[in-house]
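Summary of structural features
Chain by chain, the residues:
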Amino acid sequence: MPRAPSLHRDRALPADPGVRAIARELLGATEGLPIVSMHGHVDAALLAADAPFPDPAALLVTPDHYLVRMLVSQASSPGAIRDSGVRTAAELGVAGGAAVDAETDPRRIWRRFCAGWSALRGTPTRYWLEHVLSEVFEAPVWPSPATADRLYDHLAERLAQPEYRPRALFERFGIELLATTDAATSTLADHHALADTFGAGRVVPTFRPDTLLEAGAVGWRGELAALSAASGVDAFGYDGYLDALRERRAAFIRAGARASDHGHLSADTTPLPEAEARALFERALEGRLTSDAAAAFTAHMLFQMAAMSADDGLVMQLHPGVLRDHDRGAAAAHGPNIGYDIPVAAEFTRALRPVLEAFGHHPGFHLIVFTVDETSYSRELAPLAGAYPALRLGAPWWFLDAPDAMRRFREATTETAGLRNLSGFVDDTRAFCSIPARHDLARRVDAGYLARLVAEHRLDLDEALDAAVDLAYRLPLESYPAPRGL
Amino acid sequence: MPRAPSLHRDRALPADPGVRAIARELLGATEGLPIVSMHGHVDAALLAADAPFPDPAALLVTPDHYLVRMLVSQASSPGAIRDSGVRTAAELGVAGGAAVDAETDPRRIWRRFCAGWSALRGTPTRYWLEHVLSEVFEAPVWPSPATADRLYDHLAERLAQPEYRPRALFERFGIELLATTDAATSTLADHHALADTFGAGRVVPTFRPDTLLEAGAVGWRGELAALSAASGVDAFGYDGYLDALRERRAAFIRAGARASDHGHLSADTTPLPEAEARALFERALEGRLTSDAAAAFTAHMLFQMAAMSADDGLVMQLHPGVLRDHDRGAAAAHGPNIGYDIPVAAEFTRALRPVLEAFGHHPGFHLIVFTVDETSYSRELAPLAGAYPALRLGAPWWFLDAPDAMRRFREATTETAGLRNLSGFVDDTRAFCSIPARHDLARRVDAGYLARLVAEHRLDLDEALDAAVDLAYRLPLESYPAPRGL
Amino acid sequence: MPRAPSLHRDRALPADPGVRAIARELLGATEGLPIVSMHGHVDAALLAADAPFPDPAALLVTPDHYLVRMLVSQASSPGAIRDSGVRTAAELGVAGGAAVDAETDPRRIWRRFCAGWSALRGTPTRYWLEHVLSEVFEAPVWPSPATADRLYDHLAERLAQPEYRPRALFERFGIELLATTDAATSTLADHHALADTFGAGRVVPTFRPDTLLEAGAVGWRGELAALSAASGVDAFGYDGYLDALRERRAAFIRAGARASDHGHLSADTTPLPEAEARALFERALEGRLTSDAAAAFTAHMLFQMAAMSADDGLVMQLHPGVLRDHDRGAAAAHGPNIGYDIPVAAEFTRALRPVLEAFGHHPGFHLIVFTVDETSYSRELAPLAGAYPALRLGAPWWFLDAPDAMRRFREATTETAGLRNLSGFVDDTRAFCSIPARHDLARRVDAGYLARLVAEHRLDLDEALDAAVDLAYRLPLESYPAPRGL
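Residues numbered from 1 in each chain as written. Chains lettered and ligands numbered in written order. Predicted model: local features only at pLDDT ≥ 70, side-chain atom pairs only at ≥ 80, totals over all residues. Heavy atoms only, no water.

1. Topic: helix α11 (residues 220–231) of chain A
Residues and elements named next belong to chain A. Using the following cut-off: Think of it this way: any DSSP run of H or I at least four residues long counts as a helix, any run of E at least two long counts as a strand, and we number them from the N terminus. Expected span, for any helix, means 1.5 Å times one less than how many residues it has. To sort residues, take the accessible area from a 1.4 Å probe on protein chains only and compare it with the maximum for the residue type: under 20% means buried, over 50% means exposed, and anything in between is partly exposed. As used here, the arc is the angular range of directions from the helix axis to the C-beta atoms. By definition, residues are in contact when any of their heavy atoms lie within 4.5 Å.
With 12 residues, α11 should reach 16 Å at 1.5 Å per residue; the first-to-last C-alpha distance of 16 Å fits that figure. Among the residues of α11, those classed as buried are W220, L224, L227, S228 and S231. Take α11 and look down its axis: the buried residues cluster within an arc of 100°, on one side only. Buried-residue contacts for α11 involve α10 (210–213), α12 (238–254) and α13 (274–285).

Shown next as structure tokens:
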């Protein structure tokens, strides 16, 4: 029997009654605050078009790589005691790559999701989905094989109403500021349209040049062509390439951008002598760059990005250490972003040294680092953030954006980095409707952490109240200042 | 004064009264369940022969490398405030290697153990021994210098009774299924005898070919000779070698085996081009393999083992990252397995990629990975297990099979891998009498973990009850399915 | 409004009422114990001269690199919501390096510190400072912009009184034994004077030869000259160099030293063939040593130090894995030890193997290892300490000497290494007045950890009481025995 579809008021708060009472008080100080979402992956077109969401599966299942991966991972061989009923991403409607057999019936996708609901136990995906279903869509029942159709109909009926269109939800969610992530070659047309609708600076782009900085990779020349077209500068030469990047950064800043975003395998930021960088660029154009040289060029370009940030004021965000498309066969069959991006160890102390020695005390430079390698928390990132004014630690990212992982982040970083050398919470989500769920969960976990410090007489209650508001609201605003001159 | 020799009903449950109450309820659902022990190191001969255990020291002290290492590690120099009274493994009866002076008087060994009892504070060895003494042997007192002889006499008297022979204990322990670990060249004679006694499939072998896969190592040619003899196939050529391995796997499957087990230094599974593998094999026969080439050959063979598993259905178990016989002098003097196997960092994301890309979605392939490097939990293993259907995380292994370490495992893996991409509990013990203690402790720690999720409103009680039974009983059965065709 | 300047009696104890009650009882057994401080960085000259501390800033702010780094790290760009008001270490009076603009007005430094007080929330620095202000100096108010001058005047008045001179505080703190850290070339004049004052063996030196072992580094020849002068042995040849080191160790032992202390980037202890070591030494004298060869020579010398320790009985302390002066510009501008020493990953299993195989069971050899890389706790250090009699784990060090980090250390090491293969608490502080605060905090955190084991029925109360005294008092004494023959 499904339990009553409501969320407990004390969800994700500590179990100890004394600590919980303090946590409730801290949560009271943040749960009404607006959402500042400075590192997200919602498509600006969603808000610009403001079309109704097509159906429950297209909204909540198919695009959610956390969910797709978990259901597929529990596919079992015949004879297993328990069976999720899902074998491949295509059965959940994922139609990327070479897929020709992707399920197109949203109701069938939805039933598969509901049949696999128990596979999500203990995961943050479960928490977020419960929040979305209950708080955003007033679901009458939780997902289960028996309730799948009733729930589908309920959601489909809601999605047809104007109050459930993207912009209406945007207002209902209390989003004060939303940063999207955009290819460096984007026209930013949707953002221009949104500036007309919402006013300037409420939905802002983020400059993401990853593919441009991976010289010699498949598709790189195409990226250079797009860069040339977007910037009006010929990017097929090293100087023009740098100028075109500068021009695009300026265009992003004009469109309200506050940050750039960089996700390469390594955090290395070692610059090359100019002549060598120039030579590698030429070699990349000729398609003759070795993989080591390509990595060295990317590191060089991260240094250049830092130098440009110190100059133009875009906050630099770095999140290294993920091996993308671990299963190349699955990527070919179903497309990227279906759960096969797997972390590897990431090193920061040596990797960030060039950028921190050059710009770590520069008043105009702001660097925010995210990691999915927890080993770097207390060993490298907290000591670095506790020393360099320019560096702040990003919120627990991706797989670590979950209750126990968030708690570990606080426990491993606060004693060395303090409570302010931080980005504050960022949600990093593609799933628009999950934005409030993610901020709510983070505020709860932080309330629990701070409440323990209060209960252990390590922090006064008034300080904890102040810190809770910092983490939820003030730090994201402070960590992503608008570039100078705006 | 020794405390009363009984175990507290709430041992290893969380201290918070509210969480403890829930944990008790969860424990109630698992404490009566049979034991499924799918990864153990009890010798099948013990059950086949069913002879009485010789004496308390030979049963509980000398073969327990957790215990021997801990007592020896606290040997102190003259003048130390506190002294365990034990200097070397030989003083505890360990007679491996070149030892000529090993203690042979079991009572003297037992007294040394009792004198060092306090050295075990805070360790799982202490917990397991208390359970064995109290629950299995109804000990009247805890070990101490003052009680050593009384306790020895009590145990010796018990061991002489038929109810304390191995098979009687096997039934009393409620073991439904026990997997042993056996050399790939074993005749499996004991298993055949046990199948006659207990019925087929209750005590089953596990295929362990480590020494065969480390080409060129000392003793490798002897292993090949044994392989040839056991399989009836000449293994002194690459093709015959592979055929002989296949034949032995088939023989193990006929004897009820469900899994293979692999413990090399690295998890690398990169296959070689066939010609290169063939050439390395020839070079190994000639004794001319470099250590790098030997490692590459082992990696290649792990890939071959995976391919054979996908074909014949033996579950593949991998537990890399341990440097065996760290102190080569101690190994020479006292033999292996006395505490000098020390973990090193282990990498999985890149190492497992070849096998997972090839067989990660194969319905007949099952891979279970164990680690003693906790850094891989949230960074590599949970993301991999949360993506690939073929991969499950093994239970916290070896040093990590302990209350706080088990809790850390759950906290670091569940949010990303869920509660089912797991092997469930396996005990990995050589100490027959400790099997119930280990399962009991794991069930308690899991009850405590799940109880916290319930208390924090992150999991419903009925789901937690279901998950507790999964972890204790269903998942081991499901994770080690009998090979097809049986 | 600043809170009343007193410390809560239950500070840093667990929040759960039942666990807290046990923790209070455990704390009761240790809070009156004397302080044994076997690894500190207080300057012996401080006690030898016994001059009054000059002013509050010189006592509590300028020399505290934990504090300086944290205030500087929160320097913000113009327009930030919150501003610590401090931009550089020089503004806090740090006058090392090339600094020409360091603040010299102690009151101005003090005001800056008070303005940045909230930057320390959640850090151990905050805890230590509160303890110093409240317990040592009876501060009437906590720091804040409004109270800065009043607090300054209060402290200045205290510092002028004889009861607040170093030796009076030393007695008031209840320090039974204090080890300082001294250059291997030190005359130890201050120690000789202190032996006259306090009696022999109460304030003892520690032999620190780091700069002598880093052959070929800048300044190395100058170090050799100092070594020659101090030892009376010409150290500009390999044999003389070793003899001079031996002579200095003997001089330290005569002055009461119990230990040597070694902090290089790596823990590698691989010895070189003698001819090769000799050749590298010669090459270093000629200034032609590559950095790889220099690292190999240092590793070789660590092995030599271990061999000398086995011979002369000085306990060997190792704390690798820190990249010193990460920001070379800051080091040049402000000097070393201002917060830019950043940890890197450290490996121990392979690195310590040569020394442990050679001396790990030697009754006269004692090795204590510290780390700031938590990943080595359960993976490498606890298994090694749980096997080799000679090895003990040092207390959580540096950034990890903080409540949550100390708890993680206990949880990650106890189950594998037990509660006695440990150094017990060492404070590692340069800040004389913080010594009692650090021992108090460690005793509280250990009481909380042990109380949980008791509450979970994993340890009896009488055992926990015994273990608490071990960790606070007995283990430091036992782990640093006086060399034989004294």
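2. Considering the relation of the copies chain A and chain C
Definition in use: To line up the copies, we fit them by least squares on C-alpha atoms, keeping just the residues with pLDDT of at least 70 in both.
In screw terms, the move from chain A to chain C is a rotation of 120° and a rise of 0.0 Å along the axis, fitting with an RMSD of 0.0 Å. When the rotation and shift are considered jointly, the pair of chain copies conforms to a three-fold rotation axis. Each copy contacts the other with its own distinct surface, as only 4% of the interface residues of chain A are interface residues in chain C too.

3. Observations regarding the pattern of salt bridges
Oppositely charged side chains can pair when the atoms bearing their charge come close. Inclusion rule: Between Lys or Arg on one side and Asp or Glu on the other, a salt bridge is scored when a side-chain nitrogen of the former is within 4 Å of a carboxyl oxygen of the latter.
Tallied over the full model, the rule gives 144 salt bridges over all chains. Of the charged contacts in the structure, one is a salt bridge between C:R126 and A:E463, with a shortest N-O distance of 2.8 Å. Taken together, the residues C:R126 in helix α6 (residues 124–136) and A:E463 in helix α20 (residues 461–479) connect one chain to another. Measuring nitrogen to oxygen at the nearest pair gives 2.8 Å for the salt bridge that ties C:R246 to C:D243. With a gap of three residues between them, C:R246 and C:D243 both fall in helix α12 (residues 238–254), about one helical turn apart. A relative accessible area of 41% means that C:R246 is categorised as partly exposed.

4. A short note on the interface of chain A and chain B
Inclusion rule: Computed with a 1.4 Å rolling probe, the buried area is the accessible surface lost when two parts are put together, summed over both parts. Definition of a polar contact: a pair of N or O atoms within 3.5 Å, with one able to donate and the other able to accept a hydrogen when the atoms are protein atoms, and with sequence-neighbouring residues admitted only if both atoms are side-chain atoms. Nonpolar residues are Ala, Val, Leu, Ile, Met, Phe, Trp, Tyr, Cys and Pro. Charged residues are Asp, Glu, Lys and Arg, and all others, Gly as well, are polar.
Taken residue by residue, the interface counts 55 residues in chain A and 49 residues in chain B. Between chain A and chain B the total buried area reaches about 4300 Å² when both faces are included, carbon and sulfur atoms providing 47% of it. For the pair chain A and chain B, the number of links is eight salt bridges. For B:E463, the salt bridge is made with A:R121, and the minimal N-O distance between the two is 3.6 Å. On inspection of chain A and its partner chain B, the count reaches 27 residue pairs in polar contact (both at pLDDT 80 or more). Elements with a minimum of two residues in the side of chain A that touches chain B: α1 (17–30), α4 (65–73), α6 (124–136), α15 (328–334), β9 (342–343) and α18 (403–417) of chain A. When residues in the side of chain A that touches chain B are grouped by element, the largest group, five residues, is from α18(A). Counted by class, the side of chain A that touches chain B contains 25 nonpolar, 12 polar and 18 charged residues.

5. Overview of the interface of chain A and chain C
Contact residues are listed per partner, giving 48 residues for chain A and 55 residues for chain C. Around 4300 Å² of area is buried between chain A and chain C when both sides are counted, 47% of it from carbon and sulfur atoms. For chain A, the biggest contributors to the area lost against chain C are A:R379, A:E415 and A:R420; these three give 17% of the whole. There are eight salt bridges connecting chain A and chain C. Across the contact surface, chain A and chain C share 26 residue pairs in polar contact (both at pLDDT 80 or more). Counting only elements with at least two residues in the side of chain A that touches chain C, the list comes to α16 (353–359), α17 (376–385), α18, α19 (435–455) and α20 of chain A. Grouping the amino acids of the side of chain A that touches chain C by side-chain chemistry returns 18 nonpolar, 11 polar and 19 charged.

6. Digging into the packing of helix α1 (residues 17–30) of chain B against helix α20 (residues 461–479) of chain B
Residues and elements named next belong to chain B. Quick note on the threshold: Note on geometry: axes are C-alpha line fits, over the in-contact stretch for helices, and angles between N-to-C directions span 0 to 180 degrees. Geometric relationships in this document are graded by angle, where less than 35 degrees denotes roughly parallel, more than 145 denotes roughly antiparallel, 65 to 115 denotes roughly perpendicular, and other angles denote oblique. Each helix crossing is assigned a hand: it is left-handed if the near helix lies turned anticlockwise from the far helix by less than a right angle, otherwise right-handed if that turn is clockwise.
Look at α1 against α20: their axes get within 9 Å of each other, and the N-to-C directions meet at 45°. Classified by the angle their axes make, α1 and α20 are oblique. For the pair α1 and α20, the crossing hand works out as right-handed. Here α1 contributes I22, E25, L26, A29 and T30 to the contact with α20, which in turn contributes L461, A464, L465, A468, V469 and A472.

7. Notes on the packing of aromatic side chains
Basically, it comes down to this: Only centres within 6.5 Å qualify two rings of Phe, Tyr or Trp (six-membered ring in Trp) as a pair; their planes then separate them into stacked at under 30 degrees, edge-to-face at over 60, and tilted for everything else. By the criterion adopted, a ring carries a charge over it if an Arg CZ or a Lys NZ lies within 6 Å of its centre and within 35 degrees of its normal.
The tally for this structure, following the rule as stated, stands at 60 aromatic pairs over all chains. Aromatic pair B:W220 and B:F281: ring centres 5.3 Å apart, planes at 80°, arrangement edge-to-face. Taken as a pair, B:W220 in helix α11 (residues 220–231) and B:F281 in helix α13 (residues 274–285) lie far apart in primary sequence, 61 residues in all. Grouping residues by exposure puts B:W220 and B:F281 together as buried. A ring pair is formed by B:F359 and B:F365, whose centres lie 5.7 Å apart and whose planes are at 55°; its orientation type is tilted. By the burial criterion, B:F359 is buried, and B:F365 matches it. In textbook terms, an aromatic cluster arises when at least three aromatic residues are bridged by ring pairs, as seen for A:W220, A:Y238, A:Y241, A:F281 and A:F297. The ring of A:W128 has A:R438 lying over it, and the distance from NZ or CZ to the ring centre is 3.6 Å.

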